[in-house]
Amino acid sequence: MSMLPDGIMPFIKNGQVFDFSWKTGISYIVDYHRLNNKIILSDDLMNLRFNEVKYRTKITSIDELRDSFESLISAAVQILKKSSKNLMSDILEIKGYRGLFSSVDIHDFRYLKRNLLAEQLVFDVLFDKYLSETKEMTRSNYSKDMSKLLCNNVYSYCDTINKELERGMEVYYNMMKYSELRSELELLGVIPDKYAEYYNPRMKDNLKKKKPEYVWDYLYYNHSHKILKRQYRRQLTRNSRNYSYEEIINDLKEYNGFVKKLLPSENESVNKYFNMSMRYYALESYKRIDFMFYLADFMLKTGMDEINREHFLIKRFTPCVLVPVVENNEIQFYTKYKYYRAPLMIEKELQKEIRKDSFVDFRYYADQLSMYQYVRAKAYELFRYHGEFISLDYSEIKKFIFQYYNMRTYHESNEVWKVIEGKRWKDLNDEIRRNLKKIFNNFISINDLLFWKSSKREYTVPK
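Caption draft 1: The overall build of the protein chain, seen in detail. Within the protein chain, the regular secondary structure consists of 17 helices and 13 strands. Against the 2.2 N^0.38 benchmark of 23 Å for 463 residues, the protein chain shows a C-alpha radius of gyration of 24 Å, consistent with a compact globule. Dimensions along the principal axes, computed over C-alpha positions, put the protein chain at roughly 75 × 60 × 45 Å. Sorting the 463 residues of the protein chain into buried and exposed places 52% on the buried side. If you take every contact in the protein chain between residues at least 6 apart in sequence, the share linking residues at least 24 apart comes to 72%. Summed over all atoms, the accessible surface of the protein chain reaches about 22400 Å², with 48% contributed by carbon and sulfur.

Here you go:
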């Protein structure tokens, strides 16, 4: 038994706590990754009981998962509207998931495309499945696998990749150990010293020599491909004019060639299709290359001359979230800032809507994206507490990704790849050059906003 902390508002369904929120509206989203207990509120509404292990509803198909999210989206909307207006004193009895709601001061949820949200949330759960299932491997084995993907001469390239990963681990280790980023990591709930040791390049001292494939992927991206390496080092710039347009095209062609090998074909086996799609999504949601070119072209065609770091399409979604955990027979609530990956198809859909709008009010679209982000995060966290996806039907999974979250289509629909493929700068006519210069300059400006220089990343290794 535990006292209900002051300021925390529980939401009840069928006698059990369905969700929590701050009464003051500081945090509307609850991250349940550390809570595995069933929470029951006492009759006096003052105490919480949590002795039993939480039973999560088993979801075994994509259709079931989508239906579950249609319900959870309605529940999330109802909770967000009640929380944001702070209409409840102590308890909200959720009598059902569905309902019609009046608009509130900060959000109007009526205009959400719920099918688009449900598709995003299904994909979120599939990405979690990918993260949990990804094979663990040593640095050496990862280097061999990546060299097989990229070239025929496996052994010579394998050694190169291995050394690049080692250098990358050293950079990560020193940055986590000796830079001012430590305080920002703590806000995200990360223990910097443990994070640093995970990337210790001295493998004999590294407590976990095997790491998931996606961890090695991140290291590889930051220290191998020219355009990604420049981005990571904060050197993707034309300020000194030492990065010619010819070089930019060559670096982008190299990147595009790599992505083509990374992305699955339509006739790929179902398991491989799933894995390859998710590897590209991890790359794009981290590095945002295709997104930046979509936005660069969007700026050009809508007459936007400049954009800033606070622009709604640029700003990353890192809300403050509640983290409930049972410790010493008491339920404690911590807060941290959590990053939610970009909803690629929702962003793309909003850009399409803006292009069709004759009298664009960007505040309206900023509110739209904010609503999508909050409802998506809320429904996602509710599912993590109440549900579990356990399907092994990769044929069904492939069908869903191919139809609704096709990563190859997302990448190849970007016009820039068609324009530069097989071309050199000097082969292009004057009109194409003028347009590419504008797009490249927009691309670099957007990159500066997403990956800005900061003295906090600098470090000095003690002697």
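Further notes follow.
Caption draft 2: Representation of the sheet that holds strand E12 (residues 330–337) within the structure. Strand order in the open sheet made by the three strands is E4-E11-E12, with mixed pairing throughout. Only two strands of the sheet have a single partner each, and these edge strands are strand E4 (29–30) and E12. As defined by bridge partners, E4 adjoins strand E11 (residues 320–327) across two bridges and the pair is classed as parallel. Along E11, the bridge assignment pairs Val-30 with Leu-322.

Caption draft 3: Region of interest: the environment of Tyr-111. Counting through the fold element by element, Tyr-111 comes out in the loop between strand E8 (92–93) and helix H2 (114–133). Between the C-alpha atom of Tyr-111 and that of Met-371, which follows or precedes it by 260 residues, the distance is 9.4 Å. When residues no more than four places from it in sequence are discounted, the contact partners of Tyr-111 are Tyr-364, Gln-368 and Tyr-372.

Caption draft 4: Molecular detail of the pattern of salt bridges. Evaluated as defined, the whole model comprises 35 salt bridges. Linking Arg-34 and Glu-327 is a salt bridge whose minimum nitrogen-to-oxygen distance equals 3.3 Å. One end of the pair, Arg-34, is in the loop between E4 and strand E5 (40–41); the other, Glu-327, is in strand E11, and 293 residues separate them in sequence. Put simply, Arg-182 and Asp-193 hold a salt bridge, and the shortest N to O gap is 3.0 Å. Residue Arg-182 is located in helix H5 (residues 182–187), and its partner Asp-193 is located in helix H6 (residues 192–198); the two are separated by eleven residues in the primary sequence. Overall, the relative accessible area of 24% leaves Arg-182 in the partly exposed class. Judged by relative accessible area, which is 35%, Asp-193 ranks as partly exposed. Connected through shared salt-bridge partners, Asp-31, Lys-336, Lys-338, Glu-381 and Arg-384 make up one network.

Caption draft 5: Quick look at the confidence of the model for the protein chain. This prediction gives the protein chain a mean pLDDT of 88; 93% of its residues lie at or above 70. Segment residues 86–106 is flagged for pLDDT under 50; beyond a separation of four residues in sequence, or across chains, it makes 47 contacts in the model.

Caption draft 6: Region of interest: the pairing of strand E2 (residues 8–13). With respect to burial, E2 is a largely interior element, five of its six residues being buried. If you look at the hairpin formed by E2 and strand E3 (residues 16–22), you'll find two residues sitting between the two strands, and Asn-14 has a positive phi there, around 55°.

Caption draft 7: Here's a closer look at the side chain of Asp-251. Looking at the secondary structure, you find Asp-251 in helix H9 (residues 245–262). Using a relative accessible area of 7% as the deciding quantity, one classes Asp-251 as buried. Here Asp-251 is in contact with Lys-226, Ile-227, Arg-230 and Tyr-243, once residues within four sequence places are set aside.

Caption draft 8: Geometry of the packing of H2 against helix H10 (residues 270–287). Interaxial distance between H2 and H10 falls to 10 Å at its minimum, and their mutual angle equals 100°. Classified by the interaxial angle, the pair formed by H2 and H10 is roughly perpendicular. Of the residues in H10, those touching H2 at Gln-120, Phe-123, Leu-126, Phe-127, Lys-129, Tyr-130 and Glu-133 are Phe-274, Asn-275, Met-278, Arg-279, Tyr-281 and Ala-282. Partitioned by chemical class, the residues of the contact of H2 with H10 number eight nonpolar, two polar and three charged.

Caption draft 9: Expanded view of the packing of helix H7 (residues 213–223) against H10. For the pair H7 and H10, interaxial distance at closest approach is 11 Å and the crossing angle is 45°. By the angle between their axes, H7 is oblique relative to H10. Considering how the two elements wind past one another, H7 and H10 form a crossing that is right-handed. Mapping the contact onto sequence places Glu-213, Asp-217, Tyr-218, Tyr-221 and Asn-222 in H7 and Asn-275, Arg-279, Ala-282, Leu-283, Tyr-286 and Lys-287 in H10. For the contact of H7 with H10, a count of residues per class yields five nonpolar, two polar and four charged.

Here is what the cut-offs are and how they apply
Residues numbered from 1 in each chain as written. Predicted model: local features only at pLDDT ≥ 70, side-chain atom pairs only at ≥ 80, totals over all residues. Heavy atoms only, no water. Helix = DSSP H or I, 4+ residues; strand = E, 2+ residues; numbered from the N terminus. Rg over C-alpha atoms; globule rule 2.2 N^0.38 Å. Buried < 20%, exposed > 50% of the residue type's maximum accessible area, 1.4 Å probe, protein only. Contact = heavy atoms within 4.5 Å. Areas by Shrake-Rupley, 256 points an atom, 1.4 Å probe, with all protein chains shown as cover. Pairing = 2+ DSSP bridges. Salt bridge = Lys/Arg side-chain N within 4 Å of Asp/Glu carboxyl O. pLDDT = per-residue confidence, 0-100. Axes fitted to C-alpha atoms, helices over the stretch in contact; angles between N-to-C directions. Parallel < 35°, antiparallel > 145°, perpendicular 65-115°, else oblique. Nonpolar A, V, L, I, M, F, W, Y, C, P; charged D, E, K, R; others polar. Left-handed = near helix turned anticlockwise from the far one by under 90°.

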